[in-house]
Amino acid sequence: MSESPDDKYTVDIIEIPKAIPASKESLEAIRDAVKGKALAKMKKEAVDCPVKVRRVSFIECFTCPNFNRRVRGKVGCAGLPLSS
């Protein structure tokens, strides 16, 4: 993945055997866009978030304002501070 000028971080997507719980807000945000098998697959993916400094569900990453794009198992992250 070539790095975009907007990307401060390029983070690998990790396949995990058991889903990390995603917040209800994150699930609500993608409810109309993603369903079925795609959602089930996304629930079993995680990233080591450089902004939150912990492993988070890909769904949480996908709905984050820092998310730029996903290409070939990598996520482009803007790396900006999040408001609480």
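Residues numbered from 1 in each chain as written. Predicted model: local features only at pLDDT ≥ 70, side-chain atom pairs only at ≥ 80, totals over all residues. Heavy atoms only, no water.

Visitor: An account of the pairing of strand β3 (residues 54–57) is needed here, citing residue identities and associated values.
Guide: Sheet topology note: the strand β2 (residues 45–49)/β3 ladder contains 4 bridges and is antiparallel. Residue pairing for β3: V47 is matched across the bridge by V56. (Pairing = 2+ DSSP bridges. Helix = DSSP H or I, 4+ residues; strand = E, 2+ residues; numbered from the N terminus.)

Visitor: Which residues make up the packing of aromatic side chains, and what values go with them?
Guide: A full pass over the atoms with the stated rule returns 3 aromatic pairs. Here F58 and F67 contribute two aromatic rings whose centre-to-centre distance is 6.2 Å and whose plane-to-plane angle is 75 degrees, an arrangement assigned as edge-to-face. Here F58 falls in the buried class, since its relative accessible area comes to 2%. Judged by relative accessible area, which is 18%, F67 ranks as buried. Taken together through their ring pairs, the aromatic side chains of F58, F62 and F67 make up a single cluster. The lysine or arginine in question, R70, covers the ring of F58, its NZ or CZ lying 4.7 Å from the ring centre. (Phe/Tyr/Trp six-rings, centres within 6.5 Å; stacked < 30°, edge-to-face > 60°. Buried < 20%, exposed > 50% of the residue type's maximum accessible area, 1.4 Å probe, protein only. Lys NZ or Arg CZ within 6 Å of the ring centre and 35° of its normal.)

Visitor: How would you explain the pattern of salt bridges if you had to name every residue and give the values?
Guide: Applying the stated criterion across every chain yields a total of 7 salt bridges. One salt bridge connects E28 with R31, and the closest N-O pair in it is separated by 3.5 Å. Residue R31 is classed as partly exposed on the basis of its relative accessible area, which comes to 45%. Salt bridges linked by common partners bring K52, R54 and E60 together as one network. (Salt bridge = Lys/Arg side-chain N within 4 Å of Asp/Glu carboxyl O.)

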